[in-house]
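Inside the fold
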Amino acid sequence: MMTFTRKILPLLMVLLLSACDNKNDNKVSGLPSFDEENKTVAVTTVQKKALPAPCSLVSVADAQLVVAQPMAVMSSEAELCAYQSAGQAGDFTSLMINLNDNDDEAMAIDVFRAIAGQSGKLNKMVNDQIGEKTKKSGQSLDGLGDEAKLNTSNAGMVGNTSLVVRKGTVILNISIIGMGSDPTAPARLEALARKIVVAL
């Protein structure tokens, strides 16, 4: 038995060594190689176009046309442009233009839905505090960005008209808040939004 093992063992060693030497002959072509170390992988990132500042898209003349009274710049920032009435002290009205870009379209849809539904939540909170119902209405607007929602409300003497637009990952939110309500303001706000969306 010992003699048999002594004869077979060297033969097995030779076979094993020859199998190891021929490992390159068994490679399949066309498959990626995982043997190479420090292989660099090119990563492509999409650079988003920077959004313009909202005040560069809405001039004082535009603001005056939308609100139908003299306006002045209250704030001009990267994502927010705010105009306030420059007329009589008791007739305070503001126009807010907010523009922001989201990481992806799914996030933009969530943000759009949250902002578009916020008006109803705010109205309920006001109603609960003053014990009075606000007059409100909302409608979706076709052909404006990927989706758009116009909301109007009037809580006593304060009127609010807001328009939220989503175009891809970008959200545009425009609001007129002021004393009383103007039934023609929604059409002017929509015209302004259409002008801004074309520039995005």
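Treat the numbers as computed from the prediction; the structure is a model and nothing was measured.

1. A look at the environment of R113
Within the secondary structure, R113 is located in helix α4 (residues 105-130). Each C-alpha atom of the pair R113 and A148 lies 9.9 Å from the other, and the pair is 35 residues apart in sequence.

2. Observations concerning the pattern of salt bridges
In this structure the tally under the stated criterion is 5 salt bridges. Residue D62 is joined to K195 by a salt bridge in which the shortest nitrogen-to-oxygen separation is 2.5 Å. One end of the pair, D62, is in helix α3 (residues 60-67); the other, K195, is in helix α5 (residues 185-199), with 133 residues separating them in the sequence. Residue K195 is classed as partly exposed on the basis of its relative accessible area of 42%. Of the charged contacts, one joins D146 and R166 as a salt bridge, the two residues approaching to 3.5 Å between their closest N and O atoms.

3. Re the nonpolar core
Y83, L95, I97, L163, L172 and I174 are the most contacted members of the largest nonpolar core, which totals 28 residues. For this core, the elements supplying multiple residues, two or more each, are α2 (54-57), α3, β2 (80-85), β3 (93-101), β5 (147-155), β6 (158-167), β7 (170-179) and α5. In terms of nonpolar packing, the next biggest core, distinct from the first, is built from 5 residues, A108, F112, A116 and I171 among them.

4. As for the state of the cysteines
Tallied over the full model, the rule gives 1 disulfide. The disulfide partner of C55 is C81, and the gap between their sulfur atoms is 1.9 Å. Sign of the S-S torsion, about 90 degrees for the bond between C55 and C81, identifies this disulfide as right-handed. In this pair, C55 is assigned in helix α2 and C81 in strand β2, connecting sequence segments 26 residues apart. Given a relative accessible area of 17%, C55 falls into the buried group.

5. Here's the deal with unusual backbone geometry
Despite not being glycine, A68 has its phi angle at roughly 65 degrees, a positive value. Tracing the backbone shows A68 in the loop between α3 and β1 (71-76). When its relative accessible area of 54% is taken as the criterion, A68 is described as exposed.

6. Here we look at α5
Under the 1.5 Å per step criterion, the end-to-end length of α5 is 22 Å for 15 residues, consistent within 8% with the ideal 21 Å. Listed as buried for α5 are A185, P186, R188, L189, L192, A193, I196 and V197. For α5, the secondary structure elements touched by its buried residues are α2, α3, β3, β5, β6 and β7.

7. Considering the pairing of β1
Strand direction decides the pairing type here: β1 and β2, joined by 5 bridges, are antiparallel. Within the sheet, the bridge partner assigned to S76 lies in β2 and is C81. Linking β1 back to β2 in an antiparallel pair, the connection comprises 3 residues.

8. What to know about α3
Considered for burial, the residues of α3 that qualify are D62, A63, V66 and V67. Buried residues of α3, seen end-on, are gathered within an arc of 115 degrees and therefore sit on one face of the element. Opposite the buried face of α3, by more than 90 degrees, sit the exposed residues A61 and L65. Check the buried side of α3 and you find it contacts α2, β1, β2, β3, β7 and α5. Positive phi shows up at A68, right after α3, with a value of about 65 degrees.

9. Side note on the packing of α3 against α5
The interhelical angle for the contact between α3 and α5, taken along N-to-C directions, is 150 degrees, at an axis separation of 8 Å. Classified by the angle between their axes, α3 and α5 sit roughly antiparallel to one another. The interaxial crossing formed by α3 with α5 has right-handed handedness. Contacts between α3 and α5 involve D62, L65, V66 and V67 on the former and, on the latter, R188, L189, L192 and K195. Looking at the contact of α3 with α5 residue by residue, the classes come out as 5 nonpolar, no polar and 3 charged.

What counts and what doesn't
- Residues numbered from 1 in each chain as written.
- Predicted model: local features only at pLDDT ≥ 70, side-chain atom pairs only at ≥ 80, totals over all residues.
- Heavy atoms only, no water.
- Helix = DSSP H or I, 4+ residues; strand = E, 2+ residues; numbered from the N terminus.
- Salt bridge = Lys/Arg side-chain N within 4 Å of Asp/Glu carboxyl O.
- Buried < 20%, exposed > 50% of the residue type's maximum accessible area, 1.4 Å probe, protein only.
- Core = buried A, V, L, I, M, F, W, Y, C linked by side-chain atoms within 4.5 Å.
- Disulfide = S-S within 2.5 Å.
- Expected span 1.5 Å × (residues − 1).
- Contact = heavy atoms within 4.5 Å.
- Pairing = 2+ DSSP bridges.
- Arc of directions from axis to C-beta.
- Axes fitted to C-alpha atoms, helices over the stretch in contact; angles between N-to-C directions.
- Parallel < 35°, antiparallel > 145°, perpendicular 65-115°, else oblique.
- Left-handed = near helix turned anticlockwise from the far one by under 90°.
- Nonpolar A, V, L, I, M, F, W, Y, C, P; charged D, E, K, R; others polar.

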